[in-house]
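Breakdown of the fold
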Amino acid sequence: MEILCERIVLLNEFYPLVKDPELPSIKPYKLIAEDSITAMWKYLFCYFEPTEPSAIRSSECNNSECIPSLPTYVPYFEVNSRIINTKGIQVLQDAVLFNEHYYNIKCRQKNCPGTVIETTRPYFHIFIDLDTRTHHKKTHGLKCQLADVPVTLNFVKQYRLIGVIEYIPGHFIGYCRKPSGQWLKCDDMQLNVEGCDETTVITPIGAIYIALSI
Ligand SMILES: [Zn+2]
C-alpha cells in the first residue's frame, strides 16, 4: 500500500486524478497514467528535468552577426520501422535515424539569412523508440528474442545494451541486461525480480544503451 501511495504522488505530477462515478464512494478517484513510453521518457528525463536526454543538439551559424541559439535536448532516437520490420531488430544499428552532422540547414533565428551546421552529441544513456507498429491501432508490434537485440551500437562512441522494455497492451515489462550478459525481468505484476533466459520472446517497445566511455 505504501508503495502504491508513493507511486501515486510521483505520477500525479504528470497525470490527473479523476473522479470516477463507477468507483465506490469511499475511493472515488483514480489516476489515469496510461501513456506512451516515449512521452513518459520525454517528461521524466528530458523536459521536466533534463537529466537524461539521449543527445544534445547544437547549431553553428555561418552568419557572424547571428545570435547563437541554445542547444536542444533530444529525448530519444527513432528508427526506420520498415528496416526493422523487414530485416529484424538485429540490424538496429542501420535502422536508427541518427546523423552526427546536418549541413546547410537554414538558420532558424529570426531574420537571419545564414545556414547552420547542426551537430548531435549522444549523451550517457540512449533511449531508442522501438515502436515499429505500422498502425497505431495494431496492438502488437514485432516480436524478437532478447538475444536478437544488438549488444553494442555506435553513435560517435560505443554504447552497450543495458535494458529492453516490452509492451503488452496495458502493461510494460522491463528487462535489464547485466554486463555478464545475464538478463533480469522486472515486472511490477510479479513480486520478485527474476532471472530470465536470452531466448525469451518479447515485443520490444524501447531499448536503453549506456556509453562505454565519457
Ligand atoms: Zn543564424
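Model, not experiment: these values are computed from the prediction.

Digging into the overall build of the chain
Along the chain, the regular secondary structure elements total 4 helices and 15 strands. Summarising its shape, the C-alpha atoms of the chain cover approximately 65 × 45 × 35 Å along the three principal directions. Every one of the 214 residues in the chain was classed for burial, and the buried ones make up 21%.

Some thoughts on unusual backbone geometry
One non-glycine residue, Asn104, lies in the positive phi region at around 55°. Its location among the elements puts Asn104 in strand 5 (residues 101-106). The class of Asn104 is exposed, set by 9 C-beta atoms lying within 10 Å. A positive phi angle, near 65°, is found at Asn111, a position not held by glycine. Residue position: Asn111 is located in the loop between strand 5 and strand 6 (115-122). Asn111 sits in the exposed class, given 6 other C-beta atoms within 10 Å.

Brief notes about the pairing of strand 12 (residues 183-186)
The two faces of a sheet get side chains in turn, since along a regular strand they alternate between them. Summarising the sheet, strand 11 (residues 171-177) and strand 12 pair through 4 bridges and their orientation is antiparallel. Bridged to Tyr175 within strand 12 is Lys185. Here strand 11 folds back onto strand 12, and the loop between the two strands holds 5 residues, one of which, Gly181, carries a positive phi near 100°. Bridge analysis of strand 12 against strand 13 (residues 194-196) gives 3 bridges, and the strand direction is antiparallel. By the bridge assignment, Trp183 is partnered in strand 13 with Cys196.

Thoughts on the environment of Trp183
With respect to the secondary-structure elements, Trp183 resides in strand 12. Taking the C-alpha atoms as reference, Trp183 lies 5.4 Å from Cys196; in sequence the two are 13 residues apart. Setting aside residues up to four positions removed in sequence, Trp183 forms contacts with Leu146, Tyr175, Arg177, Gly195, Cys196 and Glu198.

Considerations on the sheet that holds strand 5
The 4 strands are arranged 4-3-6-5 in an open sheet whose pairing can be described as antiparallel. Where the open sheet ends on each side, the last strands, each with one partner, are strand 4 (72-74) and strand 5. In this sheet, neighbouring strand axes are inclined to one another by 30° on average, regardless of whether the strands run parallel or antiparallel. Pairing between strand 3 (residues 55-61) and strand 6: 7 bridges, direction antiparallel. Residue pairing for strand 6: Arg57 is matched across the bridge by Thr120.

Notes on the environment of Cys5
Relative to the helices and strands, Cys5 resides in helix 1 (residues 2-11). Note on Cys5: 9 C-beta atoms within 10 Å, which makes it exposed. Between the C-alpha atoms of Cys5 and Pro50, which are 45 residues apart in sequence, the distance is 25 Å.

A word on the nonpolar core
Nonpolar side chains in soluble globular proteins tend to end up buried together. Val96, Ile126, Ile128, Val149, Ala207 and Tyr209 are the most contacted members of the largest nonpolar core, which totals 29 residues. Of all elements in the fold, only helix 4 (92-95), strand 7 (125-129), strand 9 (152-155), strand 10 (157-168) and strand 15 (204-211) reach the threshold of two or more residues within this core.

What about the pairing of strand 5?
Along strand 5, only 0 of the 6 residues are buried, which leaves the element largely exposed. As paired strands, strand 5 and strand 6 are joined by 4 bridges and run antiparallel to one another. Within the sheet, the bridge partner assigned to Lys106 lies in strand 6 and is Thr115.

Thresholds applied
- Residues numbered from 1 in each chain as written.
- Predicted model: local features only at pLDDT ≥ 70, side-chain atom pairs only at ≥ 80, totals over all residues.
- Helix = DSSP H or I, 4+ residues; strand = E, 2+ residues; numbered from the N terminus.
- Buried ≥ 20, exposed ≤ 12 C-beta atoms within 10 Å, placed from the backbone.
- Pairing = 2+ DSSP bridges.
- Contact = placed C-beta atoms within 7 Å.
- Axes fitted to C-alpha atoms, helices over the stretch in contact; angles between N-to-C directions.
- Core = buried A, V, L, I, M, F, W, Y, C linked by C-beta atoms within 7 Å.

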